[in-house]
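Residues per chain, in single letters:
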Amino acid sequence: MLKPGYQWLAAALTAIFATCAAGAQADASPEPTQVQSKIIRNAHGQVETLIQGRGPVIVILPSLGRSATDYDQVAVYLAAEGFRVIRPFPRGSGQSRGAMTGVTLHDFAGDVAAVMDQEKTGPAIVVGHAWGSQPARMLAVDRPDLVKALVLAAASVGKFPPGSKEKSYGRLVEAINGSGDPTLPEAQRLSYLQQAFFAPGNDARVWLSGWFPATHHAQAEARDHTPIDYYYYGGNVPILDLRAQYDTVVIPHVLKALLGTRVTEGEIANAGHALAPEQPLAMSKAIAAYARQIYQTK
């Protein structure tokens, strides 16, 4: 027992220990499943953003008409691998808001830049899945200070080797658009989903929900009103072209043929264009392995 008059010492020590404990808790690495949701405002609206993990930054941009939640499991795996994962919601999905007409890819890339600026990411690895590869490449052009490397996952790149008769972004348009159309019968949508997005035997039902038609239309307009040469080359950064084995939308090896040694190729087995819901662990491992090379971490 403290002598009379020394109670102040006990109180002071208690306060010091409490402060130290709080500091230690604040410094502890967050659990991979611990997700912080932020609303980040810019001059054009706001961007809802999911953030988790600690370490070098990986930003993930979703597919056409879809949202950041498609990568919930991928983000958990990447956070467990030692990365800080940032997932902005595109305009019209989640709580993200901004103009939905008269837009270009510069606008969608600008939303991502606003998030990265506020979070002080510095140059980071940006993953663009399918349509998300387009604002990812636009970001690398408009804000090269924010992009260290690109991962283009199941990405239709928009150009083809000389002599090709393919139309840019022309494959399976009916199935892609119909998959997210809630006015169509479920059986027809499932057929479309299986055609365009999922490998044989994989469950396409997981993508019956999670579509944002207004976002889809705005993104399609942005793509159609941005000349492809503005963003195609993705600046000068390294690129991982991460294909899906059964992707019926993407023609393989185009990026490597056109961009050469800047491009590293990889493939995820037993996956289609949807990729993330089919093989989240394999997708995250491929991204993490590439990120370690880029960031030069173990």
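Conventions we followed
Along each chain, the written sequence defines residue order, and numbers are assigned to residues from 1. Local features in this predicted model are restricted to residues whose pLDDT is 70 or higher, and side-chain atom pairs enter the listing and the counts only when it is 80 or higher, whereas totals over whole chains, interfaces and linings include all residues. Water and hydrogen atoms were dropped before computing side-chain values, which therefore reflect all heavy atoms in the structure. We count a stretch as a helix when DSSP gives it H or I for four or more residues in a row; a strand needs E for two or more, and each element gets its number in order from the N terminus. One fewer than the residue count of a helix, multiplied by 1.5 Å, yields its expected span. Relative accessible area decides the class of each residue, using a 1.4 Å probe on protein chains only: under 20% of the type maximum gives buried, over 50% gives exposed, and in between gives partly exposed. A fitted line through C-alpha atoms serves as each axis, taken over the contacting stretch for helices, and the angle formed by two N-to-C directions is quoted from 0 to 180°. Small angles under 35 degrees read as roughly parallel and large ones over 145 as roughly antiparallel, with 65 to 115 read as roughly perpendicular and the rest as oblique. Residues are treated as being in contact if the distance between any of their heavy atoms lies within 4.5 Å. Each residue gets one label: Ala, Val, Leu, Ile, Met, Phe, Trp, Tyr, Cys and Pro are nonpolar, Asp, Glu, Lys and Arg are charged, and the others, such as Gly, are polar. Side-chain atoms within 4.5 Å link the members of a nonpolar core, which is a set of buried Ala, Val, Leu, Ile, Met, Phe, Trp, Tyr and Cys residues. The hand of a helix crossing depends on one turn: near helix anticlockwise from the far one by less than a right angle means left-handed, and clockwise means right-handed. We call two strands paired when DSSP finds no fewer than two bridges between them.

Undergrad: What should I look at first to understand helix α7 (residues 213-224) in this one?
TA: An α-helical turn contains 3.6 residues, so any two residues separated by three or four positions project in the same direction. Across its twelve residues, α7 extends 16 Å between first and last C-alpha, which sits within 8% of the 16 Å expected from 1.5 Å per residue. Within α7, burial applies to Thr215, His216, Ala218, Gln219, Ala220, Ala222 and Arg223.

Undergrad: It is not clear to me how the packing of helix α3 (residues 105-118) against helix α4 (residues 133-142) should be interpreted in this structure. Could you clarify?
TA: For any two helices packed against each other, one specifies the inter-axial angle together with the distance between the axes. Two elements in contact, α3 and α4, have axes separated by 8 Å at closest approach and are oriented at 70 degrees. When the axes of α3 and α4 are compared, the pair comes out roughly perpendicular. Residues Leu105, His106, Phe108, Ala109, Val112, Ala113 and Met116 of α3 pack against Gln134, Pro135, Met138, Leu139 and Asp142 of α4. Here the contact of α3 with α4 is built from residues that sort into nine nonpolar, two polar and one charged.

Undergrad: Sorry if this is basic, but what is going on with the nonpolar core here?
TA: General note: in soluble globular proteins, nonpolar side chains tend to be found buried as a group. One finds Val126, Leu139, Leu150, Leu193, Phe197 and Met283 to be the most contacted residues of the largest nonpolar core, which totals 81 residues. Not counting residues up to four positions away in its chain, the partners in contact with leucine 139 are Ala109, Val112, Ala113, Met116, Val126, Pro144, Leu146 and Val147.

Undergrad: What is the right way to read the packing of helix α2 (residues 72-80) against helix α10 (residues 280-295) from this model?
TA: Axis separation between α2 and α10 bottoms out at 9 Å; the angle between their running directions is 45 degrees. By the angle between their directions, the pair α2 and α10 is classed as oblique. Handedness of the α2/α10 crossing: right-handed. Together, Gln73, Val74, Tyr77 and Leu78 of α2 and Pro280, Leu281, Met283, Ser284, Ile287 and Ala288 of α10 make up the contact between the two elements. For the contact of α2 with α10, a count of residues per class yields eight nonpolar, two polar and no charged.

Undergrad: Is there a simple way to think about the side chain of threonine 121 in this case?
TA: Here threonine 121 shows up in the loop between α3 and β5 (124-129). Classification of threonine 121 as buried rests on a relative accessible area of 13%. In this view, threonine 121 contacts Val57, Ile86, Met116 and Leu146; residues no more than four positions away in its chain are not counted.

Undergrad: I tried to follow the sheet that holds strand β6 (residues 147-153) on my own but got confused; where do I start?
TA: Sheet strands associate in pairs through backbone hydrogen bonding, adopting either a parallel or an antiparallel arrangement. Within the open sheet, the eight strands sit side by side as β1-β2-β4-β3-β5-β6-β7-β8. Their pairing is mixed. The open sheet terminates on both sides in strands that have one partner only, identified here as β1 (36-42) and β8 (263-268). On average, adjacent strands in this sheet sit at an angle of 25 degrees to one another, irrespective of strand direction. Summarising the sheet, β6 and strand β7 (residues 239-244) pair through four bridges and their orientation is parallel. For valine 151, the partnering residue across the bridge sits in β7 and is leucine 240. The strands touched by α10 within the sheet are β3 (57-61), β5, β6, β7 and β8, with β6 carrying the most contacts at an inclination of about 155 degrees.

Undergrad: Is there a simple way to think about unusual backbone geometry in this case?
TA: For lysine 120, which is not a glycine, the phi torsion comes out positive at approximately 55 degrees. Here lysine 120 is to be found in the loop between α3 and β5. Unusually for a residue other than glycine, leucine 275 sits at a positive phi of about 60 degrees. Checked against the element boundaries, leucine 275 lands in the loop between β8 and α10. Judged by its relative accessible area of 0%, leucine 275 is buried.

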